[in-house]
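# Commentary on secondary and tertiary structure
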Amino acid sequence: MARKPAIAQTVKSLRARVAKWRAAGERIAMVPTMGALHSGHLSLVEEAHRKAKRTVVSIFVNPTQFAPSEDFARYPRTFREDVKKLAELNVDCVFAPDVSEMYPAGFSTRIEMNGPAEELESVARPHFFGGVATIVCKLLLQCGPDIAVFGEKDYQQLLVVRTMARDLDVPCTIHGAPTVREADGLAMSSRNTYLSAEHRATAPVLYRTLIDTAIHIREGSSIAWALREARSNLSISGFKVDYIEARHAETLAPLNRLGDGPIRLLVAAWLGRTRLIDNIPV
Ligand code: AMP
C-alpha cells in the first residue's frame with residue numbers, strides 16, 4: 001500500500017528525520033535526482049530499498065550544473081507526480097530544497113575535479129562536473145546516508161561522484177545501478193520528452209550503434225575502425241556526434257586495444273536540439 005513520504009524542504013528537517021533512524025540503528029540509502037521521475041529513477045529507488053532500511057530521494061534541479069545556454073529553465077518539473085510515484089514505492093523521505101536553501105547568499109565554494117571528470121562530457125559541458133560534484137557532496141553531507149545509488153546511464157558522472165566521495169573522505173558507498181531502457185533500447189531520460197516524433201523514432205539507433213560497435217571490437221576489429229564505423233552510422237542516421245569513445249571502464253583513461261582493460265563505450269550525440277548520452281560495456 002502506498003505510504004506518502006515525508007517531505008523535507010530544509011537541511012535541518014532532513015537531518016532531524018535521519019537522526020531518528022540513525023538512533024534506531026537503521027541503514028540509510030539516498031537517491032539524488034533532478035525529478036521528472038521515470039522508471040530509470042524508480043529502479044534506483046528499488047535498489048536503494050534492497051540495500052537499506054530507509055530511503056531518501058532528493059529532488060533538486062541544480063542550477064550550477066547548467067550553463068546559461070542550457071535547459072535549466074525548461075527542464076521538466078513534475079513534483080506532484082514524482083511524489084506519487086515515490087509514495088507507491090514507500091520512500092521514507094523526499095528532500096526537496098529550494099535553490100536558496102542549497103545556495104544561500106554568500107555561497108562561495110565549488111569542487112574542481114580532474115581524473116574521470118576530464119574530457120568526454122566536459123568538452124561540451126566544461127561547467128558540468130564541478131556543479132555535480134559540489135551538489136552531490138552537499139547532499140551526502142546533509143543527509144549522511146550509508147549508501148547512495150547512481151545510474152550507470154550517466155557513467156562518467158558515476159565515476160566522478162565515486163572519486164569525489166573517496167577523495168574527500170565522505171563516509172558513503174557510491175553504488176552504480178544498470179541503465180533502464182525503453183522497449184526499443186533508448187535509455188530512459190527526462191530529456192527524451194524534448195524529442196519530436198521523428199527524432200524519437202531515430203533515437204534507438206544510438207543504442208543499436210553501441211551494441212554493434214561492442215560486437216565489432218569483441219570480434220577483433222580495431223577500436224579505431226569500429227568507432228569510425230559508429231560515427232559514420234550515426235551521422236547517416238541524422239545524429240550530430242559530440243563524441244563516441246572507448247575508455248577504460250574504471251578510470252576512463254583512453255584505450256587502444258581489447259585486452260588493455262575492461263572497456264566502456266560512451267557516446268553523446270544530438271538529435272535536433274536534444275542531446276542524448278548512452279554507454280555500454282564491451
Ligand atoms: P537525473 O534526475 O537525470 O539527474 O538522474 C538522477 C539519477 O538517475 C542519476 O544517478 C542518473 O544516472 C539516474 N538515471 C537517469 N536515467 C536513468 C536510466 N535510464 N536508468 C538508470 N538510472 C538512470
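Residues numbered from 1 in each chain as written. Predicted model: local features only at pLDDT ≥ 70, side-chain atom pairs only at ≥ 80, totals over all residues. Heavy atoms only, no water.

## Brief notes about the site of the ligand
Going by this rule: Here, proximity means that at least one heavy atom of the residue falls within 4 Å of the molecule or strand. Any pair of N or O atoms that falls within 3.5 Å is considered a polar contact. Within protein, one atom must be able to donate a hydrogen and the other to accept it, and sequence-neighbouring residues count only if both atoms are side-chain atoms. Under the convention used here, a 1.4 Å probe and the Shrake-Rupley method define accessible areas, while residue burial counts only the protein chains that appear. Secondary structure elements are taken from DSSP: a helix is a run of H or I of four residues or more, a strand is a run of E of two residues or more, and numbering for both begins at the N terminus. Any residue that is not Ala, Val, Leu, Ile, Met, Phe, Trp, Tyr, Cys, Pro, Asp, Glu, Lys or Arg is counted as polar, Gly included; the first ten are nonpolar and the last four charged.
With respect to spatial proximity, 17 residues lie near the ligand, and among them Met-34, Gly-151, Asp-154, Val-180 and Met-188 are the closest. Side-chain polar atom of His-41 to an oxygen atom of the ligand: 3.0 Å apart, as the coordinates give it. When the ligand is considered free in solution it has 490 Å² of accessible area, and contact with the protein chains removes 92% of it. Within the residue set of the shell around the ligand, elements represented by two or more residues are strand S2 (28-33), helix H2 (39-51) and strand S5 (147-151). With three residues, H2 is the largest single contributor of residues to the shell around the ligand. Of the residues that constitute the shell around the ligand, the class distribution is eight nonpolar, seven polar and two charged.

## Examining the nonpolar core
Operational definition: Buried residues of nine kinds, namely Ala, Val, Leu, Ile, Met, Phe, Trp, Tyr and Cys, make up a nonpolar core once their side-chain atoms join them within 4.5 Å. Relative accessibility decides the category of a residue: with a 1.4 Å probe and only protein chains considered, values under 20% of the type maximum give buried, values over 50% give exposed, and everything between is partly exposed. Residue contacts follow a heavy-atom distance rule, with two residues in contact if any of their heavy atoms lie within 4.5 Å.
Membership of the largest hydrophobic core comes to 36 residues, with the highest contact counts inside it found for Leu-14, Val-56, Phe-95, Val-136, Leu-140, Met-164 and Ile-174. Broken down by secondary-structure element, the contributors of at least two residues to this core are helix H1 (11-23), S2, strand S4 (93-95), helix H6 (128-143), S5 and helix H7 (155-167). Excluding its chain neighbours within four sequence positions, the residues that come into contact with Leu-140 are Met-30, Pro-145, Ala-148, Met-164, Val-170, Cys-172 and Ile-174. Within the second largest apolar cluster, 25 residues are counted, among which are Leu-195, Leu-206, Leu-210 and Leu-227.

## Looking at the pattern of salt bridges
Short version of the rule: Here, a salt bridge means any Lys or Arg side-chain nitrogen found within 4 Å of an Asp or Glu carboxyl oxygen.
Applying the stated criterion to the full structure yields 17 salt bridges. When salt bridges that share partners are traced, they join Arg-3, Glu-26, Arg-54 and Asp-92 into one network.

## Here we look at the sheet that holds S5
Using the following cut-off: A pair of strands counts as paired when DSSP detects no fewer than two bridges linking them. Only the stretch in contact is used when fitting a helix axis, every axis being a line fitted to C-alpha atoms; angles between N-to-C directions are given from 0 to 180 degrees.
Across the sheet, six strands lie side by side as S1-S4-S3-S2-S5-S6; this open sheet has parallel pairing. Where the open sheet ends on each side, the last strands, each with one partner, are strand S1 (6-8) and strand S6 (173-177). Across the sheet, the mean angle from the axis of one strand to that of its neighbour is 25°, orientation sign disregarded. Taken together, the two bridges between S2 and S5 define a ladder with parallel strand orientation. Looking at S5, one finds that Ala-29 is bridged to Ile-147. The sheet contacts of H2 involve S2, strand S3 (54-59), S5 and S6, and relative to S5 the element is tilted by about 155°. Across the sheet, H6 is in contact with S2, S3, S4, S5 and S6; its angle to S2 comes to roughly 150°.

Any functional reading would require information beyond the geometric quantities listed.
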